[in-house]
Amino acid sequence: MMKINGQKTAFVFPGQGSQFVGMGRELAAQYLIVKQTFDEADSILGFSISKLMMEGTPEELNDTLNTQPALFIHSLAAYRAFSYLYPDLTPAALAGHSLGELSALSASGALSFGDGLRLVRRRGELMKRAGELAPGSMAAILGVDIPTLDKVCADASTPGEIVQVANDNCPGQVVISGAKAAVERAMLGAKSAGAKRALPLAVSIAAHSPLMDSIQKEWNDAVTSAKFLTPQLTVIGNVYAAPLADEESARADIILQMQSRVRWTETVNFMVSQGITAFVEIGSGTVLGGLVKRIADGMMIFPLGNPQDFAALEA
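The text that follows walks through the structure, step by step, so that each part is easy to find. In this text, all values refer to a predicted model and were calculated from it rather than measured experimentally.

### A word on the overall build of the protein chain
Right, on to step 1. When its secondary structure is counted, the protein chain shows 14 helices and nine strands.
Right, on to step 2. For the protein chain, whose C-alpha radius of gyration is 19 Å, the value lies close to the compact-globule estimate of 20 Å for 315 residues.
Right, on to step 3. Each principal axis of the C-alpha atoms in the protein chain carries an extent, and together these give about 55 × 45 × 35 Å.
Right, on to step 4. Across the 315 residues in the protein chain, those meeting the buried criterion constitute 55%.
Right, on to step 5. Long-range pairs, those at least 24 residues apart, make up 75% of the contacts in the protein chain with a sequence separation of at least 6.
Right, on to step 6. Split by element, the accessible area of the protein chain, about 12800 Å² in all, is 54% carbon and sulfur.
Right, on to step 7. On the protein chain, the mean spot of the 25 positive side-chain charges and the mean spot of the 31 negative ones are 3 Å from each other.

### Here we look at the packing of aromatic side chains
Right, on to step 1. Throughout the structure, instances matching the rule amount to six aromatic pairs.
Right, on to step 2. Between F11 and Y79, the ring centres sit 6.0 Å apart and the planes meet at 85°, which makes this aromatic pair edge-to-face. You can see F11 sitting in strand 1 (residues 9-13) and its partner Y79 sitting in helix 5 (residues 64-85), a full 68 residues away along the chain. With respect to class, F11 is no different from Y79; both count as buried.
Right, on to step 3. Through a chain of ring-to-ring contacts, three or more aromatic side chains come together here, namely F11, F13, Y79, F82 and Y86.
Right, on to step 4. The ring of F113 has R80 lying over it, and the distance from NZ or CZ to the ring centre is 4.5 Å.

### Let's talk about the packing of helix 6 (residues 100-107) against helix 11 (residues 247-257)
Right, on to step 1. Relative to each other, helix 6 and helix 11 sit at 165°, their axes nearing to 11 Å. When the interaxial angle is binned, helix 6 and helix 11 end up roughly antiparallel. Where helix 6 crosses over helix 11, the handedness of that crossing is left-handed. Packed against helix 6, whose contacting residues are E101, L102 and L105, the element helix 11 presents A250, D253, I254 and Q257 at the interface.
Right, on to step 2. A per-class count over the contact of helix 6 with helix 11 returns four nonpolar, one polar and two charged.

### Points about the sheet that holds strand 1
Right, on to step 1. On the basis of which strands lie adjacent, the open sheet formed by five strands has the order 7-2-1-8-9 and parallel pairing. With partners counted over all chains shown, the strands left at the sheet margins are strand 7 (235-236) and strand 9 (300-304), one partner each.
Right, on to step 2. Relative to the sheet, helix 5 contacts strand 1, strand 8 (278-282) and strand 9, its axis offset from that of strand 1 by approximately 150°.
Right, on to step 3. Sitting on the sheet, helix 6 touches strand 1, strand 2 (93-96) and strand 7, and the angle it makes with strand 2 is about 150°.

### Let's talk about the pattern of salt bridges
Right, on to step 1. Counted by the stated rule, this structure contains 13 salt bridges.
Right, on to step 2. R129 is the salt-bridge partner of E218, the closest N and O atoms lying 2.9 Å from each other. One end of the pair, E218, is in helix 10 (residues 216-225); the other, R129, is in helix 7 (residues 113-133), and 89 residues separate them in sequence.
Right, on to step 3. Classification of E218 as partly exposed rests on a relative accessible area of 29%.
Right, on to step 4. Here R263 makes a salt bridge to E266, at a shortest N to O gap of 3.0 Å.
Right, on to step 5. Judged by relative accessible area, E266 falls into the partly exposed class, the value being 34%.

### Some words on the side chain of S98
Right, on to step 1. In this structure, S98 sits in the loop between strand 2 and helix 6.
Right, on to step 2. A relative accessible area of 12% means that S98 is categorised as buried.
Right, on to step 3. At a separation of 3.2 Å, a polar atom in the side chain of S98 contacts the side chain of R123.
Right, on to step 4. Apart from residues no more than four positions distant in its own chain, S98 is found in contact with R123, H208, N238, Q257 and V262.

### Concerning unusual backbone geometry
Right, on to step 1. Of note in this structure, S98 is not a glycine but carries a positive phi near 60°.
Right, on to step 2. Notably, H208 is not glycine yet its phi reads approximately 55°, a positive angle.
Right, on to step 3. Considering the arrangement of structural elements, one finds H208 in the loop between strand 6 (197-200) and helix 10.

### A closer look at the layout of surface pockets
Right, on to step 1. What the largest pocket holds in volume is close to 930 Å³.
Right, on to step 2. What lines the largest pocket is a set of 35 residues, among which Q16, G17, N167, L201 and V203 lie closest to the centre.
Right, on to step 3. Of all the secondary structure elements, the ones that give two or more residues to the lining of the largest pocket are helix 5, helix 7, strand 3 (137-142), strand 4 (163-170), strand 5 (173-178) and helix 13 (287-295).
Right, on to step 4. For the lining of the largest pocket, the element with the most residues is helix 7, which contributes five residues.
Right, on to step 5. Residues of the lining of the largest pocket, tallied by class, amount to 14 nonpolar, 17 polar and four charged.
Right, on to step 6. Roughly 170 Å³ of internal volume is contained in the second largest pocket.
Right, on to step 7. In terms of lining residues, the second largest pocket is bounded by 17 residues, among which F20, E26, H74, G305 and N306 are the most central.
Right, on to step 8. Taken together, the elements giving at least two residues each to the lining of the second largest pocket come down to helix 1 (25-30) and helix 14 (307-314).

What counts, and at which threshold
- Residues numbered from 1 in each chain as written.
- Predicted model: local features only at pLDDT ≥ 70, side-chain atom pairs only at ≥ 80, totals over all residues.
- Heavy atoms only, no water.
- Helix = DSSP H or I, 4+ residues; strand = E, 2+ residues; numbered from the N terminus.
- Rg over C-alpha atoms; globule rule 2.2 N^0.38 Å.
- Buried < 20%, exposed > 50% of the residue type's maximum accessible area, 1.4 Å probe, protein only.
- Contact = heavy atoms within 4.5 Å.
- Areas by Shrake-Rupley, 256 points an atom, 1.4 Å probe, with all protein chains shown as cover.
- Lys, Arg positive; Asp, Glu negative; His and termini not counted.
- Charge placed at Lys NZ, Arg CZ, Asp CG, Glu CD.
- Phe/Tyr/Trp six-rings, centres within 6.5 Å; stacked < 30°, edge-to-face > 60°.
- Lys NZ or Arg CZ within 6 Å of the ring centre and 35° of its normal.
- Axes fitted to C-alpha atoms, helices over the stretch in contact; angles between N-to-C directions.
- Parallel < 35°, antiparallel > 145°, perpendicular 65-115°, else oblique.
- Left-handed = near helix turned anticlockwise from the far one by under 90°.
- Nonpolar A, V, L, I, M, F, W, Y, C, P; charged D, E, K, R; others polar.
- Pairing = 2+ DSSP bridges.
- Salt bridge = Lys/Arg side-chain N within 4 Å of Asp/Glu carboxyl O.
- Polar contact = N/O pair within 3.5 Å; in protein donor to acceptor, adjacent residues only side chain to side chain.
- 1 Å grid on protein atoms, 1.4 Å probe; cavity = no way out; pocket = protein on both sides within 12 Å on 5 of 7 lines; lining within 4 Å.
- Points joined across faces, edges and corners; volume = space filled by probe spheres on them.

Below you can see the structure in the form of structure tokens.
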């Protein structure tokens with residue numbers, strides 16, 4: 001008997017930061033459908049991203065150009081393996097953190113694997129270019145609530161240097177993003193407002209901020225030209241923490257997401273309000289499971305990215 005059998009389960013898909021060299025290697029050795037997914041990805045992209053994922057250097061994998069498709073591929077491969085092994089078990093909801101929203105949409109049937117992968121690769125290309133055209137920074141702020149941090153960011157911003165909340169990850173853990181000087185001012189402001197810590201992140205790409213505006217039109221074009229279908233499963237979007245009911249709302253959320261806040265706390269709380277009692281993190285790492293624990297009490301949480309995780313799900 002599976003531990004999630006009988007639970008109202010949400011599948012959640014990780015974003016950047018969950019990648020590691022070797023990701024997917026054991027899963028591909030164990031399940032043919034995973035190996036086939038990696039081969040399909042290599043064919044679509046025209047190079048062996050699977051080899052880069054399993055045997056590359058951290059520097060190669062951590063290049064956002066590669067990180068984003070790698071995480072998407074691993075998540076979809078694990079999801080395909082689950083769907084093959086347990087065709088009668090269907091998640092009640094799907095959600096993904098930032099990049100993971102595209103993984104969730106592909107898992108829902110709103111995007112084919114190929115269209116989703118090409119879009120994710122394009123997202124990585126454009127975000128990398130945005131970081132070169134308009135370098136910014138991001139910082140993790142610990143121990144301050146969102147209303148306080150919104151005010152801190154507003155006070156630290158000027159017309160030419162904006163900083164805003166980028167990721168509302170869980171109570172007490174928020175990431176801000178924007179112009180480097182504005183982020184530095186906001187870090188000082190957050191400490192004055194009672195933050196336990198304000199930690200700069202080792203990035204030059206100010207994701208989920210107005211510094212993405214340099215590539216927004218190209219991203220809009222890429223999303224508009226991709227073929228979206230109505231999701232066959234409930235997907236909760238990042239921008240409004242609400243279900244994406246059709247292809248239009250899915251497309252709009254993915255467009256807006258580039259410069260908008262990832263409302264992860266609100267997303268998890270919404271799913272819990274709909275009766276979700278178990279969360280399965282599909283793909284690399286355990287970051288989202290850790291956030292869920294801090295957002296909602298009493299949830300069952302399972303990682304699902306390697307053969308041991310599949311075995312534990314049945315134990």
